[in-house]
Amino acid sequence: MESTVYGQDEHLLYARIGPVVVAQVLPDHTDASFEIYLSALERELGARREDERVAVLFYVPGGGTWDAGRRKRVNDVLARYVVKRRRTTSVWVLCTPSAATRGVATALFWVVPPPYEYRIRADLGAGLEDVREKHPDFSPSAFSSELARITRRR
C-alpha cells in the first residue's frame with residue numbers, strides 16, 4: 001500500500017496510507033509533537049487533490065485530549081480548508097480506547113459538527129471497517145501492515 005509521511009516523531013505520526021489520512025497521537029506527545037502535527041496537517045490539506053475522496057483516521061491508542069488552546073490552533077488550520085475538506089473527506093473516524101476522549105469528541109461534535117460524516121470508535125479495527133464501508137477496495141490488513149512498517153522507522 002502506497003504511503004506518504006507528512007510528519008513524525010516518537011509521539012506522533014501524520015501520514016497518508018492508501019485512501020486514509022492517519023494521525024496517530026500517543027498520550028505522551030510533546031509541544032514539539034503538536035507543532036509537527038499542525039505543520040503536517042497544513043501540508044496534507046494543501047496537497048490533497050480536489051478530485052479525490054479520503055478517509056481521515058485520528059488514532060489515539062492511549063487516550064488523552066488536547067486543551068482548548070491546541071484545539072483552537074487545529075481549528076484555525078481546518079477553517080482555511082473547510083470547503084476542500086467537505087468535498088474530499090469521505091468519513092472522519094476517531095479511534096481511541098479512552099471513554100473520556102470519545103465523550104469529549106462527541107460533545108464537541110454535537111455543538112460544532114464537522115462538514116462530513118464522522119464516527120467515534122473504541123478500537124482501531126472498528127474504525128478500519130468504517131473506512132472500508134466508504135472505500136470498498138480498502139484492505140484493513142494491508143493498512144495495518146503499512147502503519148506498523150512506518151512506525152517502526154521512528
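Residues numbered from 1 in each chain as written. Predicted model: local features only at pLDDT ≥ 70, side-chain atom pairs only at ≥ 80, totals over all residues. Heavy atoms only, no water.

K.L.:
Before we go on, may I ask you to explain helix H2 (residues 68–79) in this structure?
P.N.:
Three or four residues apart is the spacing at which side chains of an α-helix point the same way, because the helix has 3.6 residues per turn. Relative to the 16 Å expected for 12 residues at 1.5 Å per residue, H2 spans 16 Å between its end C-alpha atoms, a close match to the ideal helical length. Within the sequence span of H2, burial applies to Arg70, Val74, Val77 and Leu78. For H2, the angular spread of buried residues about the axis comes to 100 degrees, placing them on one side. Facing away from the buried surface of H2 by more than 90 degrees, the exposed residues are Ala68, Lys72 and Ala79. Packing partners of the buried residues in H2 comprise helix H1 (31–47) and helix H3 (82–88). (Helix = DSSP H or I, 4+ residues; strand = E, 2+ residues; numbered from the N terminus. Expected span 1.5 Å × (residues − 1). Buried < 20%, exposed > 50% of the residue type's maximum accessible area, 1.4 Å probe, protein only. Arc of directions from axis to C-beta. Contact = heavy atoms within 4.5 Å.)

K.L.:
Teacher, can you tell me more about the sheet that holds strand E2 (residues 12–17) here?
P.N.:
Strands belonging to one sheet form pairs held by backbone hydrogen bonds; the direction of such a pair is parallel or antiparallel. Taken together, 6 strands build an open sheet; the order of strands is E1-E2-E3-E4-E5-E6 and the sheet is mixed. Of all strands in the sheet, those with a lone pairing partner are strand E1 (3–9) and strand E6 (118–121), marking the two edges. Across the sheet, the mean angle from the axis of one strand to that of its neighbour is 10 degrees, orientation sign disregarded. Here E2 pairs with strand E3 (residues 20–25) via 6 bridges, running antiparallel. Bridging from a neighbouring strand, Tyr14 pairs with Ala23 of E3. Packed on one face of the sheet, helix H4 (residues 99–111) meets strand E5 (89–95) and E6 and runs near 160 degrees to E6. The sheet strands contacting helix H6 (residues 140–152) are E1, E2, E3 and strand E4 (54–59), and the helix crosses E2 at an angle near 135 degrees. (Pairing = 2+ DSSP bridges. Axes fitted to C-alpha atoms, helices over the stretch in contact; angles between N-to-C directions.)

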